Amino acid sequence: MRLNGTEYPEYIPNKHNWIQKTLNQKLTNISEVICDIDADIIGLQEIENANALKLLQKSLKKYGCNYKYSAITHKPKSAIQIALLSKIPIKNSKDITVTKALGVRNILKVKFIIDSYPLYIYVNHWNSKRSPNQKRVLSALALKKELKRLPKESEYILLGDFNSNYNEYQIKDIFNTKRECNLNRDSFSHYNLWIEKPIYQRWSHNFYGKKTALDEMIISPTLLDNKKIDYIKNSFDVFKKKYIFHKKGYILRWEYKKNRHKGVGYSDHLPIFAKFITNPKKDKKIECNISISNIKELYNKNIKLPILLKKIKVINISKKSATIKQGRDKIVIFGIDKPLELNKEYNIIVYKRKFYNGSYEIVDFDIY
């Protein structure tokens, strides 16, 4: 272990039980997860420096998953950097400087040529929720400015720890994220892969019971056009193997207690992943055909979604669900990511439902 003067206090060698044995265990644990996911390209956050990245590459090779190619940011005097590992050769990489001030990390831009097609990947680690939201907005605007410089029809993926939920301003509005049927290639719009999951499954971080999707994977509309490189629909998921959870059910993060590294645990964020393909087969275009219907029809096994429900009334709200009523008919919405007020009427678009305990529940919706 070598010092470069930017380390966090708890990572000073030979203090706080940060010794070679503990370092090796942490590398082993990280390698276990990466090897299990077996991605061709993986974005990483909180990598101390280039030397730490090399140690991880060495550990991965030891366990049989060789990531020959790598890139890392070079923010001066920063305790942690952003990195990428790849089994595919990297064409080039560069830092996107959000600000020269300390405390705001650079964004890593990496270019690949895959089967002769250019693909850009932007790895992010925005400021934590403890920081003012303006800092995350600053990162979002810097990334947007960079994307606007790309050649028209470019294919790219934005990924990493954005410390922002998928429906917050700096994600939804600045990057103009939309459902697939509403994407417009001629405007600055994007597809957030979280949209494919029911609302109650949209999380990769659990802070004392508050589940949020701080980690994002956002793609350009050109990765859904049946040309060059394409996203494989519904391949997005969260890595939730049993071993990265405590027996009590919470995420087994790397343990640091009473000023000592315990040598146990992984990350406090769950990894997310998705699959992409070159030269895709022609896929049917998703149409936004929304018909007006009613709650009673949602209990019909063969109903075609999405549908628009008009003038539904919220008659009950709990932490994770709400009950809505239309005439005499009622149904539960499970998973709430939008503000709903008791006794207020709404028009909502229902995208997904689920059969649970003998009845249907709405699990994905938008306020119209």
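Below: a short report on this structure.

1. A closer look at the state of the cysteines
Then, number 1: Inspection of every chain in the model, using the stated rule, returns one disulfide.
Then, number 2: In this model Cys-35 forms its disulfide with Cys-65; the gap between the sulfur atoms is 1.7 Å. Here Cys-35 is found in helix α1 (residues 20-37), whereas its partner Cys-65 is found in the loop between α2 (50-62) and β2 (69-72), with 30 residues between them in sequence.

2. Overview of the packing of α1 against α2
The description of two helices packed together rests on the angle between their axes and the distance between the axes.
Then, number 1: Two numbers describe how α1 lies on α2: the axes approach to 9 Å, and their chain directions differ by 65°. Read as a crossing pair, α1 and α2 show a hand that is right-handed. Contact with α1, carried on its side by Leu-23, Leu-27, Thr-28, Ile-30, Ser-31, Ile-34 and Cys-35, involves Leu-55, Leu-56, Ser-59 and Leu-60 of α2 and no other residues of that element.
Then, number 2: Across the contact of α1 with α2, the residue classes break down as eight nonpolar, three polar and no charged.

3. Re the sheet that holds strand β1 (residues 41-47)
Sheet strands associate in pairs through backbone hydrogen bonding, adopting either a parallel or an antiparallel arrangement.
Then, number 1: The sheet built from three strands is open, its strands ordered β1-β3-β2 with antiparallel pairing. With one partner strand each, in any of the chains shown, β1 and β2 form the two edges of the open sheet. Going from strand to strand, the sheet's axes swing by 20° on average, the running direction of each strand aside.
Then, number 2: Strand direction decides the pairing type here: β1 and strand β3 (residues 81-86), joined by five bridges, are antiparallel. Following the sheet pairing, Ile-42 is matched in β3 by Leu-85.

4. What about the pattern of salt bridges?
Then, number 1: Taken as a whole and judged by the stated rule, the model has 17 salt bridges.
Then, number 2: The partner of Asp-366 in a salt bridge is Lys-338, and the shortest N-O contact between them spans 3.7 Å. Of this pair, Asp-366 sits in strand β23 (residues 359-367) while Lys-338 sits in the loop between β21 (329-334) and β22 (345-356); the two residues are 28 residues apart in sequence, bridging distant segments of the chain.
Then, number 3: Classification of Lys-338 as buried rests on a relative accessible area of 16%.

5. Re the environment of Cys-35
Then, number 1: The class of Cys-35 is partly exposed, set by a relative accessible area of 22%.
Then, number 2: Taking C-alpha positions, Cys-35 is 29 Å from Thr-6, a pair spaced 29 residues apart along the chain.
Then, number 3: Discounting residues that sit within four places of it in the chain, Cys-35 has contacts with Leu-60, Tyr-63 and Cys-65.

6. Some details on the pairing of strand β20 (residues 321-326)
Then, number 1: Along β20, five of the six residues are buried, which leaves the element largely enclosed by surrounding structure.
Then, number 2: Here strand β19 (residues 307-317) runs beside β20; their pairing, made up of four bridges, is antiparallel. The residue bridging Ile-317 from the neighbouring strand is Ala-322, located in β20.
Then, number 3: The antiparallel pairing of β19 with β20 creates a hairpin that spans three residues between the two strands.
Then, number 4: Here β20 runs beside β21; their pairing, made up of six bridges, is antiparallel. For Ile-324, the partnering residue across the bridge sits in β21 and is Ile-331.
Then, number 5: The turn joining β20 and β21, which pair antiparallel and follow one another in sequence, is formed by two residues; a positive phi near 65° is taken by Gly-327.

About the criteria used
The residue numbering used here restarts from 1 in each chain and proceeds along that chain's sequence as written. Per-residue local features are limited, in this predicted model, to residues with pLDDT of at least 70; the limit for side-chain atom pairs, both in listing and counting, is 80 or more; totals at the level of whole chains, interfaces and linings are taken over all residues. With hydrogens and water stripped out, all remaining heavy atoms of the structure feed into the side-chain values. A pair of sulfur atoms, both from cysteines and within 2.5 Å, is called a disulfide here. Each helix corresponds to a stretch of at least 4 residues labelled H or I by DSSP, and each strand to a stretch of at least 2 residues labelled E; elements are numbered beginning at the N terminus. Only the contacting stretch of a helix is used when fitting its axis, a line to C-alpha atoms as for every element, and angles between N-to-C directions run 0 to 180 degrees. Two helices that cross are described as forming a left-handed crossing if the nearer one is turned anticlockwise from the farther one by less than a right angle, and a right-handed crossing if clockwise. The contact rule is simple, with two residues in contact once any of their heavy atoms fall within 4.5 Å. Charged means Asp, Glu, Lys or Arg here, nonpolar means Ala, Val, Leu, Ile, Met, Phe, Trp, Tyr, Cys or Pro, and polar covers whatever is left, Gly included. Any two strands between which DSSP finds at least two bridges are classified as paired. Only one rule defines a salt bridge in this text: a Lys or Arg side-chain nitrogen within 4 Å of an Asp or Glu carboxyl oxygen. Partly exposed residues are those whose accessible area sits between 20% and 50% of the maximum for their type, while under 20% is buried and over 50% is exposed, using a 1.4 Å probe and protein chains only.

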